[in-house]
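Now for the letters of each chain:
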Amino acid sequence: MKDDAPIVRLFFAKMKPDFMELPESERNEFMAKDRANLDELGMKAISMIQCSGMDDEWDYIGVEGWPSMDAIKKREEFEKKVLQITKYVTYKTHLGLEQSFDSYGK
């Protein structure tokens, strides 16, 4: 795989009590920083599903499109150092390459 190939990232996220206990202004600031970084790195949302109230394990499941592996690496660094994501969110991600469903089974 080339480093400049578009990447698809599947994510699963559950908000921790530490996030929910933040004052609303701090939650909004966190989400604004998060969104600005997503936009800066060229993430294209493919789909996001809100599961809270229907799934005990995850609050959100999403599929993101990224321009490159380099963008993913920068995103992961931002999540770790700036957002301190593990303090506020339990999550897991899986990476892959987009494949057309039209060609499946043909």
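Before reading on, note that the structure itself is shown above.
Residues numbered from 1 in each chain as written. Predicted model: local features only at pLDDT ≥ 70, side-chain atom pairs only at ≥ 80, totals over all residues. Heavy atoms only, no water.

## Brief notes about the overall build of the protein chain
For the protein chain, the count of helices and strands is four helices and four strands. Helices (α) and strands (β) of the protein chain occur, in sequence order from the N terminus, as β-α-α-β-β-α-α-β. Once the C-alpha set of the protein chain is aligned to its principal axes, its extents read approximately 50 × 30 × 15 Å. The burial tally for the protein chain puts 32% of its 106 residues in the buried class. The long-range fraction of contacts in the protein chain, counting pairs at least 24 apart against all pairs at least 6 apart in sequence, stands at 74%. When the accessible surface of the protein chain is totalled, it reaches about 7500 Å², and 53% of it is carbon and sulfur. Charge separation in the protein chain, taken as the distance between the mean sites of 16 positive and 21 negative side-chain charges, equals 3 Å. (Helix = DSSP H or I, 4+ residues; strand = E, 2+ residues; numbered from the N terminus. Buried < 20%, exposed > 50% of the residue type's maximum accessible area, 1.4 Å probe, protein only. Contact = heavy atoms within 4.5 Å. Areas by Shrake-Rupley, 256 points an atom, 1.4 Å probe, with all protein chains shown as cover. Lys, Arg positive; Asp, Glu negative; His and termini not counted. Charge placed at Lys NZ, Arg CZ, Asp CG, Glu CD.)

## Thoughts on the pattern of salt bridges
Any two side chains of opposite charge can pair if their charged atoms end up close together. The tally for this structure, following the rule as stated, stands at nine salt bridges. Lys-33 serves as the salt-bridge partner of Glu-29, at 3.8 Å between the closest nitrogen and oxygen. You can see Glu-29 and its partner Lys-33 sitting in helix H2 (residues 24-40), four residues apart, about one turn around the helix. Note that Arg-75 and Glu-79 form a salt bridge whose closest N and O atoms lie 3.1 Å from each other. Of the two residues, Arg-75 and Glu-79 both sit in helix H3 (residues 69-81), four residues apart, roughly one turn of that helix. Per residue, the accessibility class of Arg-75 equals that of Glu-79, and both read buried. Via salt bridges that share partners, Arg-9, Asp-34, Glu-64, Arg-75 and Glu-79 belong to a single interconnected network. (Salt bridge = Lys/Arg side-chain N within 4 Å of Asp/Glu carboxyl O.)

## Describing H2
Along its 17 residues, H2 runs 24 Å from first to last C-alpha, staying within 8% of the 24 Å computed at 1.5 Å per residue. Among the residues of H2, Phe-30, Asp-34, Asn-37 and Leu-38 are the ones counted as buried. Down the axis of H2, the sector holding all buried residues measures 105 degrees, keeping them to one side. Along H2, exposed side chains directed more than 90 degrees from the buried face belong to Glu-24, Ser-25, Arg-35 and Glu-40. Against helix H1 (17-20), strand S3 (60-66), H3 and helix H4 (85-88) lie the buried residues of H2. (Expected span 1.5 Å × (residues − 1). Arc of directions from axis to C-beta.)

## Overview of the side chain of Arg-75
Arg-75 gets classed as buried once you look at its relative accessible area, which sits at 3%. Here Asn-37 takes part through its side chain, which lies 2.9 Å from a polar atom of the side chain of Arg-75. Contact partners of Arg-75, with chain neighbours within four places excluded, come to Arg-9, Asp-34, Asn-37, Leu-38, Leu-41, Trp-66 and Leu-83. (Polar contact = N/O pair within 3.5 Å; in protein donor to acceptor, adjacent residues only side chain to side chain.)

## As for the nonpolar core
With 10 residues, the main nonpolar core is built from Phe-11, Ala-13, Phe-19, Leu-22, Phe-30, Phe-78, Leu-83, Ile-85, Tyr-88 and Val-89. Elements represented by at least two residues in this core include exactly strand S1 (7-15) and H4. Once residues within four sequence positions are removed from consideration, Ala-13 is found in contact with Trp-58, Asp-59, Tyr-60, Val-89, Thr-90 and Tyr-91. Core analysis: the second largest hydrophobic core is formed by eight residues, Leu-38, Met-43, Trp-66 and Ile-72 among them. (Core = buried A, V, L, I, M, F, W, Y, C linked by side-chain atoms within 4.5 Å.)

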